[in-house]
Amino acid sequence: MNTDETVIEVRGLSNFLGGNWVHNNLDLTVKRGDLYAIVGGSGSGKTTLLRSILMLQKPTSGSIKVFGIEVVNPSIEDAQHVRHRWGMLFQHGALFSSLTVLENVLFPLKEYTQLSYSLLTEIAMMKIALTGLHEDAAHKLPGELSGGMLKRAALSRALALDPELLFLDEPTSGLDPQGADEFDELIKGLKAALNLTIVMVSHDLDSLWGVSSRVGFIGEGRVLAEQPMASLVDNPNPIIKNYFKGPRGQVRDHLKKLPSDL
Amino acid sequence: MNTQSLRYDHQKKILYCQGDWRVRQLTNVENEINSVLKTVKSPISIDGSELISLDSGGAWLIYRTIDKLKQAAISCELKNFTQQHMDLFSLLKEKMTALTVTETPIEHYNFFSLIGKETVKRVVGALDFLSFVGEVSLIIKGFFVHARRFQAKAVLRIIEDAGYHALPIIGLLSFLVGVVLAYQLGRQLETYGANIYIVDLSGMAILREFGPLITAIIVAGRTGSSFTAQIGLMKVNEEIDALKTLGLSPLNRIVVPRLLGTILSIPLLTIWSNIFAVFGSMVMARNMLGITPADFLTRFADSIDRSTLWTGLGKTPVFAIAIALVGCFQGFRVSYTAESIGTHTTMSVVQAIFLIIVIDAIFSVLYSWAGL
């Protein structure tokens, strides 16, 4: 498999929303096998960027290619083709509230495969187990799960059809530090095992240090820098400096000299 | 896509996996594996050299095949799989040890237990509604005592939503009902040559029954349902809990303005509805029976006294209370699923209309006792 293959290519993306230019000529590139983190201050347009890539929102102008297919004004076939190859973990899970966890994972499987129901149930249970959930959680409704379990359940649904590309919107938000660490490990493990390319929006600096291979910093409607975390914190751009300057940004500072195992 | 996904070499006892073993592409492979497994009696190996791709779903199929063979005490060897595929197998093995696959348990009830369950549910629902009405009554009492807390703005907004925005639809539908009513009555009256009595009959029917009833039913559909959906979403968003933790009573802040707003809107809407319905029958009376609007109005003033209007309007606050209370009550009963908002919104409309008709019937009985 060509590791240099470009999975997402955003060129000249502009978004005009609510009287503001959220994005102005934004460029972004994600290669196969990346664990690409999108960071930036509040209101810098991280979510809008993600929604534009996911075809949930039509950009004002610009081009977005996913797997080499244009997803701004795509044909219906192209759009479906791309949608079958990606998975999305929403910030609050977005599990279907009237279905159990197992039924949530089964839902896309039943819709898009031709295998028997019992085999699909096994595959769904396997996905649930892969994300570290126990069997009894599978029969619960999303409303009965804790925050951490909800994220894991939502992750199993995102992985249901074995996507090549996985989007994570604030995967560790709302988790306790230990839960967040475990979730980071889980994502790293699944990425290696399932050969995933991951794009995540995150504010969690530990998470950025721990899992990301490249970070795109968004500010002033553009990607100001696209580099690994270790060099990003030394970027001279004042906006980036400001972002990492606070006490939270400093905690990991002394650790960055340590050899990274990524 | 019905390409062969596997091939079994009987001589060498090797099972070759072929092509794309991705969960979206696989179709008939389950049966193919089973038919191979039936013939296998001695150790075999599974070969991955002809695989184009393998995802975790495909890996699971291979993993469970090995597992089945193991249970039949047949050993099995994996050959020519890439390192990444082997990693996938070991991951599955690691995660699967604690996991057994079970079907979602389906609960079965017999006929009588279903009747029992339903009865208990209804009775509990009715009691809950009763206690809700009680709580609201207590709050209402306090509401007027602490006049400072009177939320005129909130009430006015409900009046705007439930009353003002309902004017066009109620006007149009009432006009049409007036037309239909006059048409049906007119055909009968024409045969007796009693044309002018169209005014008495339609005026009476509209002012006493049709105006209040149409208005109440439209408001139940428009406003009662929106109360339920609003409150239901507020509950799901924990806004109700937020009010409680702030020490504010959700009943006070949410139910009372809606209740008062509806009580004030419905009588006014009913008058509006009366006007349009009478206008509708006036138009029909002119076209069908040749009664001029001037004649119609003169006769109307002579034959319909004011008490007719009041008997009709007297019912409307009771309709309003039923609609607002049922709408709010169902909203508070929403649980944390999207489905339940739908269920309770439906229930709110159905129960409100049910109550409206029951109340209307009760009023008819009461009025007939009172000789009105």
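Residues numbered from 1 in each chain as written. Chains lettered and ligands numbered in written order. Predicted model: local features only at pLDDT ≥ 70, side-chain atom pairs only at ≥ 80, totals over all residues. Heavy atoms only, no water.

Draft legend 1. Expanded view of the overall build of chain B. When helices and strands are counted, chain B shows twelve helices and six strands. By the compact-globule yardstick of 21 Å for 372 residues, chain B is too spread out, its C-alpha radius of gyration being 35 Å. In terms of principal-axis extent, the alpha carbons of chain B reach across some 105 × 60 × 40 Å. When burial is assessed residue by residue, chain B has 43% of its 372 residues classed as buried. A sequence separation of at least 24 residues applies to 82% of the contacts in chain B between residues at least 6 apart. Entry remark: accessible area of chain B is about 20100 Å², with carbon and sulfur atoms responsible for 63%. Where the 33 positive side-chain charges of chain B centre and where its 29 negative ones centre are 3 Å apart. (Helix = DSSP H or I, 4+ residues; strand = E, 2+ residues; numbered from the N terminus. Rg over C-alpha atoms; globule rule 2.2 N^0.38 Å. Buried < 20%, exposed > 50% of the residue type's maximum accessible area, 1.4 Å probe, protein only. Contact = heavy atoms within 4.5 Å. Areas by Shrake-Rupley, 256 points an atom, 1.4 Å probe, with all protein chains shown as cover. Lys, Arg positive; Asp, Glu negative; His and termini not counted. Charge placed at Lys NZ, Arg CZ, Asp CG, Glu CD.)

Draft legend 2. Quick look at the packing of helix α4 (residues 117-130) of chain A against helix α3 (residues 83-96) of chain B. Relative to each other, α4 of chain A and α3 of chain B sit at 85°, their axes nearing to 9 Å. As summarised for this structure, α4 of chain A and α3 of chain B are arranged roughly perpendicular, according to the angle between their axes. Residues M126, A129 and L130 of chain A of α4 of chain A form the contact with α3 of chain B, whose participating residues are L91, L92, K95 and M96 of chain B. Class assignment for the residues of the contact of α4 of chain A with α3 of chain B results in six nonpolar, no polar and one charged. (Axes fitted to C-alpha atoms, helices over the stretch in contact; angles between N-to-C directions. Parallel < 35°, antiparallel > 145°, perpendicular 65-115°, else oblique. Nonpolar A, V, L, I, M, F, W, Y, C, P; charged D, E, K, R; others polar.)

Draft legend 3. Layout of the pattern of salt bridges. Summed over all chains, the structure comprises 17 salt bridges over all chains. Two residues, K188 of chain A and E185 of chain A, come together in a salt bridge whose shortest N-O distance is 3.8 Å. Of this pair, K188 of chain A and E185 of chain A both sit in helix α7 (residues 177-194), three residues apart, which is roughly one turn of that helix. Relative accessible area serves as the criterion here: at 22%, K188 of chain A is assigned to the partly exposed category. Between E209 of chain B and K315 of chain B there is a salt bridge, with the nearest N and O atoms lying 3.0 Å from each other. On the criterion of sequence distance, the pair formed by E209 of chain B in helix α7 (residues 197-236) and K315 of chain B in helix α11 (residues 306-332) is long-range, its members being 106 residues apart. Using a relative accessible area of 2% as the deciding quantity, one classes K315 of chain B as buried. Bridged by salt links that share partners, the residues E5, R32, R85 and E164 of chain A form one connected network. (Salt bridge = Lys/Arg side-chain N within 4 Å of Asp/Glu carboxyl O.)

Draft legend 4. Structural detail: the interface of chain A and chain B. Contacts between the two partners involve 31 residues from chain A and, on the opposite side, 30 residues from chain B. A combined buried area of about 2800 Å² lies between chain A and chain B, and 59% of that area is made up of carbon and sulfur atoms. If you look at where chain A meets chain B, you find one salt bridge. For the salt bridge of E122 of chain A with R64 of chain B, the shortest nitrogen-to-oxygen distance reads 2.6 Å. The interface formed by chain A and chain B includes seven residue pairs in polar contact (both at pLDDT 80 or more). Contributing elements (two or more residues each) for the side of chain A that touches chain B: α3 (101-112), α4 and α7 of chain A. (Buried area = accessible area lost by both parts, 1.4 Å probe. Polar contact = N/O pair within 3.5 Å; in protein donor to acceptor, adjacent residues only side chain to side chain.)

Draft legend 5. Representation of the state of the cysteines within the structure. Residue and element names in this part refer to chain B. Per the counting criterion, the structure on display carries zero disulfides over all chains. C17 takes part in no disulfide bond, and the closest cysteine sulfur to it belongs to C76, at a distance of 9.6 Å. Residue classification places C17 among the buried residues on the basis of a relative accessible area of 2%. (Disulfide = S-S within 2.5 Å.)

Draft legend 6. Molecular detail of the domain arrangement of chain B. When its domains are assigned, chain B resolves into domain 1 (6-96) and domain 2 (113-370). Here the C-alpha centroids of domain 1 of chain B and domain 2 of chain B sit 67 Å apart. (Domains from an automatic or database assignment.)

Draft legend 7. Quick look at the nonpolar core. One finds L155 and M229 of chain A together with W21 and I62 of chain B to be the most contacted residues of the largest nonpolar core, which totals 87 residues. Among the elements that make up this core, the one with the highest residue count is α4 of chain A (nine residues). With near-sequence residues (within four places) excluded, M229 of chain A lies in contact with L205, L208, W209, S212, V215 and F244 of chain A. (Core = buried A, V, L, I, M, F, W, Y, C linked by side-chain atoms within 4.5 Å.)

Draft legend 8. Broad picture of the sheet that holds strand β8 (residues 197-201) of chain A. Residue and element names in this part refer to chain A. What the six strands build is an open sheet, ordered β6-β7-β8-β3-β9-β10; its pairing is mixed. Only two strands of the sheet have a single neighbouring strand rather than two, namely β6 (86-89) and β10 (222-227). Recorded for the sheet is a direction-independent mean angle of 15° between the axes of neighbouring strands. Both strand β3 (residues 35-39) and strand β9 (residues 214-219) contribute to a ladder of four bridges, which runs parallel. Bridge pairing links V39 to F217 in β9. Packed onto the sheet, helix α1 (residues 46-53) meets β3, β6, β7 (165-169), β8 and β9 and runs at close to 150° relative to β7. Helix α6 (residues 147-158) rests against β6 and β7 of the sheet, and its axis sits at about 165° to β6. (Pairing = 2+ DSSP bridges.)

Draft legend 9. Summary view of the packing of helix α1 (residues 29-39) of chain B against helix α2 (residues 56-71) of chain B. Residues and elements named next belong to chain B. Remark: α1 packs on α2, axes separated minimally by 12 Å, with the N-to-C direction vectors making an angle of 25°. One element, α1, and the other, α2, form an angle in the roughly parallel class. The two elements α1 and α2 cross, and the hand of that crossing is right-handed. In contact with V29, E30, I33, N34 and L37 of α1, α2 contributes L61, R64, T65, K68 and L69. (Left-handed = near helix turned anticlockwise from the far one by under 90°.)

Draft legend 10. How the structure looks around empty space enclosed by the protein. All names here are of chain B. Tallying each qualifying case throughout the model produces one cavity of 30 Å³ or more. Taken together, E30, I33, N34, L37, L61, R64, T65 and K68 make up the lining of the largest cavity. Of all the secondary-structure elements, those providing two or more residues to the lining of the largest cavity are α1 and α2. Per-class residue counts for the lining of the largest cavity are three nonpolar, two polar and three charged. (1 Å grid on protein atoms, 1.4 Å probe; cavity = no way out; pocket = protein on both sides within 12 Å on 5 of 7 lines; lining within 4 Å. Points joined across faces, edges and corners; volume = space filled by probe spheres on them.)

Draft legend 11. Just α1 of chain A, in detail. Residue and element names in this part refer to chain A. In terms of burial, α1 is a largely internal element, six of the eight residues being buried. Buried within α1 we find K46, T48, L49, L50, S52 and I53. Immediately downstream of α1, the backbone of M55 shows phi near 65°, a positive value.

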